[in-house]
Amino acid sequence: MTISEQEREALIQYRLEQAQNSANDAELLMKNEKIPAAINRIYYAVFYCVLALALKEGYKTSKHMQLIGWFNKTFIATGKIENDYGRILRDCYEYRKSADYDTFVNFNRTDINLLYDEMKSFIAEIERYISEK
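Please read these numbers as outputs of a predicted model, since none were measured by experiment. (Residues numbered from 1 in each chain as written. Predicted model: local features only at pLDDT ≥ 70, side-chain atom pairs only at ≥ 80, totals over all residues. Heavy atoms only, no water.)

Colleague: It is not clear to me how the overall build of the protein chain should be interpreted in this structure. Could you clarify?
Modeller: Of regular secondary structure, the protein chain possesses 5 helices and 0 strands. In the protein chain, the succession of helices and strands from N to C terminus is α-α-α-α-α. Taken over the C-alpha trace, the protein chain has a radius of gyration of 15 Å; the compact-globule value for 133 residues is 14 Å, and the two agree within 12%. Projected onto the principal axes, the alpha-carbon positions of the protein chain cover approximately 45 × 30 × 25 Å. Looking at the protein chain as a whole, 42% of its 133 residues qualify as buried. Contacts spanning at least 24 positions in sequence make up 65% of the contacts within the protein chain whose residues lie at least 6 apart. Accessible area of the protein chain: about 7600 Å², with a carbon and sulfur share of 48%. Computed over 18 positive and 20 negative side-chain charges, the separation of the two mean positions in the protein chain equals 5 Å. (Helix = DSSP H or I, 4+ residues; strand = E, 2+ residues; numbered from the N terminus. Rg over C-alpha atoms; globule rule 2.2 N^0.38 Å. Buried < 20%, exposed > 50% of the residue type's maximum accessible area, 1.4 Å probe, protein only. Contact = heavy atoms within 4.5 Å. Areas by Shrake-Rupley, 256 points an atom, 1.4 Å probe, with all protein chains shown as cover. Lys, Arg positive; Asp, Glu negative; His and termini not counted. Charge placed at Lys NZ, Arg CZ, Asp CG, Glu CD.)

Structure, rendered in structure tokens:
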């Protein structure tokens with residue numbers, strides 16, 4: 001399916017809005033001590049940003065690991081985006097897998113607060129990159 005440039009730009013904005021909404025959800029969940037659910041929303045906030053970036057670059061996939069690999073190869077390995085953002089994406093993914101699938105897992109609140117702050121930084125960086133392109 002081919003979409004027009006206008007439709008693609010609208011979809012990019014939609015994905016960025018999904019990221020912001022997921023970040024807002026994460027904040028509410030953290031305030032209510034729903035840490036595993038907050039971690040899920042933190043990851044998806046970052047994931048939606050990478051989806052927006054993929055749309056901007058014309059890359060398509062439905063697989064999380066393919067998208068993460070593409071991001072690392074295209075932006076981290078080339079220095080277009082700082083290495084820290086590759087680590088943030090990986091950390092969010094690993095925490096989300098643990099929160100969603102592991103049994104009897106306890107998370108350090110300080111670590112999750114840091115993950116939340118890094119998610120906000122990731123969103124800002126991807127929004128900046130997309131707006132400058």
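Colleague: I tried to follow the nonpolar core on my own but got confused; where do I start?
Modeller: Generally speaking, soluble globular proteins have nonpolar side chains that are buried together. Judged by nonpolar contacts, the single largest core of 45 residues is most densely connected at I42, L53, F71, I81 and F122. Broken down by element, this core gets its largest block of residues, 17 residues, from helix α2 (residues 35-57). Dropping the residues within four chain positions of it, L53 is found in contact with W70, F71, F75, I81, I126, Y129 and I130. (Core = buried A, V, L, I, M, F, W, Y, C linked by side-chain atoms within 4.5 Å.)

Colleague: What should I look at first to understand helix α1 (residues 5-31) in this one?
Modeller: In an α-helix, one turn spans 3.6 residues; hence positions three or four apart end up facing the same way. Its 27 residues place the ends of α1 39 Å apart at the C-alpha level, agreeing with the 39 Å of an ideal helix rising 1.5 Å per residue. Among all positions of α1, only R8, I12, L16, Q18, A19, S22, A23, A26 and M30 are buried. Once α1 ends, the next one or two residues include E33, with phi positive near 60 degrees. (Expected span 1.5 Å × (residues − 1).)

Colleague: How should unusual backbone geometry be read in this particular structure?
Modeller: Glycine aside, a negative phi is what most residues show, and trans is what most peptide bonds show. Phi is positive for E33, which is not a glycine, with a value near 60 degrees. Structurally, E33 can be placed in the loop between α1 and α2. A positive phi angle, close to 55 degrees, is found at F104, a residue other than glycine. Positionally, F104 belongs in the loop between α4 (83-101) and α5 (109-132).

Colleague: What am I meant to see in the packing of aromatic side chains here?
Modeller: Ring pairs (aromatic) are described by centroid distance and by the angle formed between their planes. Evaluation of the coordinates by the stated rule reveals 13 aromatic pairs. Between the aromatic rings of Y43 and Y44, the centroid separation amounts to 5.0 Å while the plane-to-plane angle is 75 degrees, which identifies the pairing as edge-to-face. Like Y43, the residue Y44 is buried in the burial classification. Members of the aromatic cluster, joined through ring pairs, are Y59, W70, F71, F75, Y85, F122 and Y129. Between K80 and the ring centre of F75, over which it is positioned, the NZ or CZ distance is 5.7 Å. (Phe/Tyr/Trp six-rings, centres within 6.5 Å; stacked < 30°, edge-to-face > 60°. Lys NZ or Arg CZ within 6 Å of the ring centre and 35° of its normal.)

Colleague: Please explain the environment of L51 as it appears in this structure.
Modeller: Mapped onto the elements of the fold, L51 is located in helix α2. The class of L51 is buried, set by a relative accessible area of 14%. When the C-alpha atoms of L51 and R15 are compared, they prove to be 6.8 Å apart, with 36 residues separating the residues in sequence.

Colleague: Explain the packing of α1 against α5 to me, please; I cannot follow it from the model alone.
Modeller: How two helices pack is summed up by the angle between their axes together with the distance between the axes. For the pair α1 and α5, interaxial distance at closest approach is 11 Å and the crossing angle is 160 degrees. When the axes of α1 and α5 are compared, the pair comes out roughly antiparallel. Crossing handedness for the pair α1 and α5: left-handed. Taking contact as the criterion, the partners of I12, L16, A19, Q20, A23, A26, E27 and M30 in α1 are, on α5, R109, I112, N113, Y116, M119, I123, E127 and I130. Taken together, the residues that form the contact of α1 with α5 break down as 11 nonpolar, 2 polar and 3 charged. (Axes fitted to C-alpha atoms, helices over the stretch in contact; angles between N-to-C directions. Parallel < 35°, antiparallel > 145°, perpendicular 65-115°, else oblique. Left-handed = near helix turned anticlockwise from the far one by under 90°. Nonpolar A, V, L, I, M, F, W, Y, C, P; charged D, E, K, R; others polar.)

Everything listed here is a matter of coordinates, which is why it stays silent on function.
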